[in-house]
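These are the residues of each chain, in order.
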Amino acid sequence: MTIVILIGLFSIQRKGTAKIGRLFGPIMTVWFLSIGLLGAFSVWKHPRVLQAIDPEWMFRLMANDIVTSFFVFGAVFLAVTGGEALYADMGHVGRHPIRLSWFSIVLPALLLNYAGQAGLLLSEAGPIGNPFFRLAPSWLLLPLVGLATAATVIASQALISGVFSLSRQAVNMGLSPRMKIIQTSAEGYGQIYLPTINWILMVLTLLMALAFPTSDDLAAAYGIAVSATMLITTILLFEAMRVCWQWPSWIAWIVTVVFLALDISFSGANLLKLPQGGWLPLVGGAAVFVMMGVWHRGSVYVHRRLNDMSLPLDDVLKEMEELGVHRIPGVGVFLTKNVNHVPPMVLHHIRRNKVLHEHVVFLTVSTDEQPRVPGKQRLTIRSLGLGFWRVELRYGFMQTPNLPVSLRRWGMEVQGDGIVLDPDQMTFYVGREIVVADSDNRTMSGFSEWLYVFMSRTAANATEFFKVPEEQVLEIGIRVDI
């Protein structure tokens, strides 16, 4: 049943979740109200569990048996997991709705339910099976299982959407190869679908479901994954307090030390679970880290090689004159990462075809460090003379580039001549870098070189990524040795 549900969940991603997403809120509200009421009823029957609010009990346990308390830390940590799913999806709903829902319903419901389970455990001697489902009367068991399944699917959907958002940000920041990104909703900007990520995630999730048949088996891997995430988040929070929020250093250190004390304790306790499956998230995280590092380093080398193959505009004009290049009516848009020189595909084009458009636009698409760039600030136009133009489009790291829409929305009027350049009449020239491993002059290690070449050949082409109509595109292949 788990495998069937997972396959169904990943299969509907391509249709988007905008419509069924309207059911998420009511279902999760019913879920939290239900578990809160079940827990409150158990607390009412076993009121002595409220003594657990006093932290003295924790200090007593630690003082009497530090070894046991360390193991208990690793076990009870699972009670605080799930919060990471909230900020994984923060880009879709914002921090204010998350704060409101957390403090108004989620946190009270969780505290009541865990207190109710604790009261049940204290009142009955011996093993009692699953304490959560024991809170409900027998006639309510099946509906509760169904509601729990629905809540689990919704929580999984939130994480899948979060992975899509993070993957798009990684692509825009140059930490991942380009991937096909599909907008699934005209209303919600965060509603996107990445086919490559979706199917990779499905395969890995199914493998984990088969490798860890029960939730108890998966708990070890989950505990280490979440505790490591919290530890990394605390480190990033320290940088945010100092750099972004400009807090005094001593305040940032105090807040960080408080969080680190908890995070290091939880992480240390969860390290005891490494042999039981805790190694899995560490290996997975290391693999993603290596792939991002290799792609970033390889992209820097390729960009450097393309710069070496570029020429100043004056040299290009001189070569055009020597070759007798003809200027024909129309607009040619050359996508390039080089903002100072003429890209090598222009040289390739004039040397092979000996023609060039009357208006030539060198278009650079860059990603800012901010999430979104307002429309009026996105387009920059600069005339280079003789019909050559330098145009830059800036997007935020959470935005998906769409060149025709951007150029059409704000227009691109050639100042001086009074000519309006219509994006529908433009010809886009896209360079396809064919990366080849150079055994004589290696810039990367053997494995890194092979991995980068593999990722570059499986990356989505620029035409698809930038949403340029195929009938307006001419691709020019450029061999790049690394």
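A brief look at the structure comes next. What you see is a predicted model; the values in this text were computed from it and never measured.

Attention now goes to the overall build of the protein chain. Scanning the protein chain from N- to C-terminus turns up 18 helices and 10 strands. In terms of its C-alpha atoms, the protein chain occupies a principal-axis envelope of roughly 95 × 50 × 50 Å. Put simply, 76% of the contacts in the protein chain that link residues at least 6 apart link residues at least 24 apart. Total accessible area on the protein chain is roughly 27200 Å²; 65% of this is exposed by carbon and sulfur atoms. Positive and negative side-chain charges in the protein chain, numbering 37 and 34 respectively, have mean positions lying 4 Å apart.

It is at 8 Å that the axes of helix 4 (residues 66-76) and helix 12 (residues 249-270) come closest, and there the two elements cross at 95°. Judged by the angle between their axes, helix 4 and helix 12 are roughly perpendicular. The segment helix 4 lies against helix 12, with Phe-70, Phe-73 and Gly-74 engaging Ser-265, Phe-266, Gly-268, Ala-269 and Asn-270. Considering only residue class, the contact of helix 4 with helix 12 consists of four nonpolar, four polar and no charged.

Let's shift gears to the pattern of salt bridges. This structure, assessed with the given rule, holds seven salt bridges. Among the ionic pairs, Glu-464 bridges to Lys-180, the shortest N-O distance being 3.9 Å. You can see Glu-464 sitting in helix 18 (residues 462-465) and its partner Lys-180 sitting in the loop between helix 9 (141-172) and strand 1 (182-183), a full 284 residues away along the chain. Note on Glu-464: relative accessible area 34%, which makes it partly exposed. Across the pair Asp-368 and Arg-394 runs a salt bridge, and its minimum N-O distance is 2.5 Å.

Moving on: the packing of helix 9 against helix 10 (residues 195-211). Between helix 9 and helix 10, whose axes approach to 10 Å, the crossing angle comes to 130°. Here helix 9 is positioned oblique relative to helix 10, judged by the angle of their axes. In this structure, helix 9 meets helix 10 at a crossing whose hand is right-handed. Here Ile-160, Val-163, Phe-164 and Ser-167 of helix 9 come into contact with helix 10, specifically with Ile-197, Asn-198 and Leu-201. Each residue belonging to the contact of helix 9 with helix 10 can be placed in one class, and the counts come to five nonpolar, two polar and no charged.

All told, the structure shown has 12 aromatic pairs when counted by the stated rule. Relative to Phe-133, the ring of Phe-132 lies with its centre 5.0 Å away and its plane at 80°, an arrangement referred to as edge-to-face. For Phe-132, a relative accessible area of 12% translates into the label buried. By relative accessible area, Phe-133 is classed as partly exposed at 24%. Ring geometry for Phe-164 against Tyr-193: centres 6.0 Å apart, planes inclined by 80°, an arrangement best described as edge-to-face. Separated by 29 residues along the polypeptide, Phe-164 in helix 9 and Tyr-193 in strand 2 (residues 192-193) bring together distant segments of the chain. Summarising the burial analysis for this pair, Phe-164 and Tyr-193 share the class buried. Put simply, the rings of Trp-31, Phe-132 and Phe-133 pair up and form one aromatic cluster. Here the guanidinium or amino end of Arg-60 rests over the ring plane of Trp-57, the centre of that ring lying 5.0 Å away.

Bringing the sheet that holds strand 6 (residues 388-395) into the picture now. Consider a sheet: its strands pair through backbone hydrogen bonds, and that pairing is either parallel or antiparallel. The strand order 5-6-4-3-9-10 describes an open sheet built from six strands, whose pairing is mixed. The strands lining the two open edges of the sheet, one partner per strand, are strand 5 (379-385) and strand 10 (473-481). Within the sheet, the average angular offset between the axes of one strand and its neighbour, ignoring direction, is 25°. Two strands pair when backbone bridges link them, and strand 4 (residues 355-367) and strand 6 are joined in this way by eight bridges, in the parallel orientation. Across the sheet, residue Leu-363 finds its bridge partner in strand 6, namely Val-391.

This part is about the nonpolar core. Residues Val-333, Leu-335, Leu-403 and Phe-428 are the most contacted members of the largest nonpolar core, which totals 34 residues. Counting residues in hydrophobic clusters, the runner-up holds 30 residues, among them Tyr-301, Leu-356, Met-444 and Ile-476.

Turning to unusual backbone geometry, a few remarks are in order. Its identity as a non-glycine residue notwithstanding, Lys-354 has a phi of 55°, on the positive side. For Lys-354, the location among the structural elements is in the loop between helix 15 (344-353) and strand 4. Given the relative accessible area of 35%, Lys-354 is considered partly exposed. The backbone of Lys-467 sits at a positive phi, close to 60°, despite the residue not being glycine. Taking relative accessible area as the criterion, Lys-467 reaches 30% and is therefore assigned partly exposed.

Under the 1.5 Å per step criterion, the end-to-end length of helix 10 is 24 Å for 17 residues, consistent within 8% with the ideal 24 Å. On its buried side, helix 10 packs onto helix 1 (2-11), helix 9, strand 1 and strand 2.

With that out of the way, let us pick up helix 13 (residues 279-308). Helix length check: helix 13, at 30 residues, gives a terminal C-alpha distance of 44 Å against a target of 44 Å (1.5 Å per residue), a fit within 8%. For helix 13, the elements touching its buried residues are helix 15, strand 9 (426-436), helix 17 (446-458) and strand 10.

This part takes up a nonpolar patch on the surface. A cluster of nonpolar side chains, Met-58, Phe-59, Met-62, Ile-66, Val-67, Phe-70, Phe-71 and Leu-272, forms an exposed patch at the surface whose accessible area comes to about 760 Å². Those elements that place two or more of their residues in the nonpolar patch are helix 3 (56-64) and helix 4. Per-element accounting of the nonpolar patch gives the leading share, four residues, to helix 4. Along the polypeptide, Phe-59 turns up in helix 3.

Calculation criteria
- Residues numbered from 1 in each chain as written.
- Predicted model: local features only at pLDDT ≥ 70, side-chain atom pairs only at ≥ 80, totals over all residues.
- Heavy atoms only, no water.
- Helix = DSSP H or I, 4+ residues; strand = E, 2+ residues; numbered from the N terminus.
- Contact = heavy atoms within 4.5 Å.
- Areas by Shrake-Rupley, 256 points an atom, 1.4 Å probe, with all protein chains shown as cover.
- Lys, Arg positive; Asp, Glu negative; His and termini not counted.
- Charge placed at Lys NZ, Arg CZ, Asp CG, Glu CD.
- Axes fitted to C-alpha atoms, helices over the stretch in contact; angles between N-to-C directions.
- Parallel < 35°, antiparallel > 145°, perpendicular 65-115°, else oblique.
- Nonpolar A, V, L, I, M, F, W, Y, C, P; charged D, E, K, R; others polar.
- Salt bridge = Lys/Arg side-chain N within 4 Å of Asp/Glu carboxyl O.
- Buried < 20%, exposed > 50% of the residue type's maximum accessible area, 1.4 Å probe, protein only.
- Left-handed = near helix turned anticlockwise from the far one by under 90°.
- Phe/Tyr/Trp six-rings, centres within 6.5 Å; stacked < 30°, edge-to-face > 60°.
- Lys NZ or Arg CZ within 6 Å of the ring centre and 35° of its normal.
- Pairing = 2+ DSSP bridges.
- Core = buried A, V, L, I, M, F, W, Y, C linked by side-chain atoms within 4.5 Å.
- Expected span 1.5 Å × (residues − 1).
- Patch = residues over 30% accessible without salt bridge, like charges linked within 9 Å, V, L, I, M, F, W, Y side chains within 5 Å.

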